[in-house]
Amino acid sequence: MSFKLAHRAECETNGSWQLVRRTLGLQAFGVNIVEIASGEQIPEHDELDRDQQEIFFVLGGEPTLVIDGEDHAAPAGTFARIDPEHKRTVRNDASDAAEVLIVSAPRSSGYEPMEWA
């Protein structure tokens, strides 16, 4: 099949992660949604071993992006691009849960944007 549709509620899950990439069978890039409870954070990491850029899009809540130890407020609607060499995590100090969409792909993926994009 050359396409697949899935509602967010149908995505495979692993704890607080919705595994969008796995659910859709994506091979070219990663994409997942994580819900971060109050007082929690995702594991701090870099992407040097996989040479991946990551995009974080805050779907809901008011988490903090921590990049190389520096806090950055990231209310709902915030986008962030982070290159592989930077240590990063998303921490939720707010009282309500936060939801973050994370997309990743190797810098060497060969992506070429359309002229208009």
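What counts as what
- Once a new chain begins, its residue numbering starts again from 1 and follows that chain's sequence as written.
- Since the coordinates come from a predicted model, pLDDT governs what is reported: local features require at least 70, and pairs of side-chain atoms require 80 or more to be given and counted, while whole-chain, interface and lining totals use all residues.
- Remark: hydrogens and water are excluded; side-chain values derive from all non-hydrogen atoms of the structure.
- For each structure, a 1 Å grid was placed over the protein atoms alone; sets of points admitting a 1.4 Å probe that cannot get out are labelled cavities, open sets with protein on both sides within 12 Å along at least five of seven lines are labelled pockets, and lining residues have an atom within 4 Å of a point.
- Grid points are joined across faces, edges and corners, and a volume is the space filled by probe spheres set on the points.
- Strands are runs of DSSP state E lasting at least two residues, helices are runs of H or I lasting at least four, and both sets are numbered from the N terminus onward.
- Think of it as three bins: nonpolar holds Ala, Val, Leu, Ile, Met, Phe, Trp, Tyr, Cys and Pro, charged holds Asp, Glu, Lys and Arg, and polar takes everything else, Gly as well.

Draft legend 1. Seen up close, the layout of surface pockets. In this structure, the largest pocket spans a volume of roughly 320 Å³. Considering the residues around the largest pocket, the lining is formed by 16 residues, among which Asn32, Glu47, Arg50, Glu54 and Ser104 are closest to the centre. Counting only elements with at least two residues in the lining of the largest pocket, the list comes to β3 (30-36), β4 (52-60) and β9 (98-106). Across the lining of the largest pocket, the residue classes tally to 7 nonpolar, 5 polar and 4 charged. A volume near 280 Å³ is recorded for the second largest pocket. Forming the walls of the second largest pocket are Phe29, Gln53, Ile55, Arg81, Val103, Ser104, Ala105, Pro106, Arg107, Ser109 and Tyr111. Contributing elements (two or more residues each) for the lining of the second largest pocket: β4 and β9. At 4 residues, the largest contribution of residues to the lining of the second largest pocket is made by β9. When grouped by side-chain class, the residues that make up the lining of the second largest pocket number 6 nonpolar, 3 polar and 2 charged.

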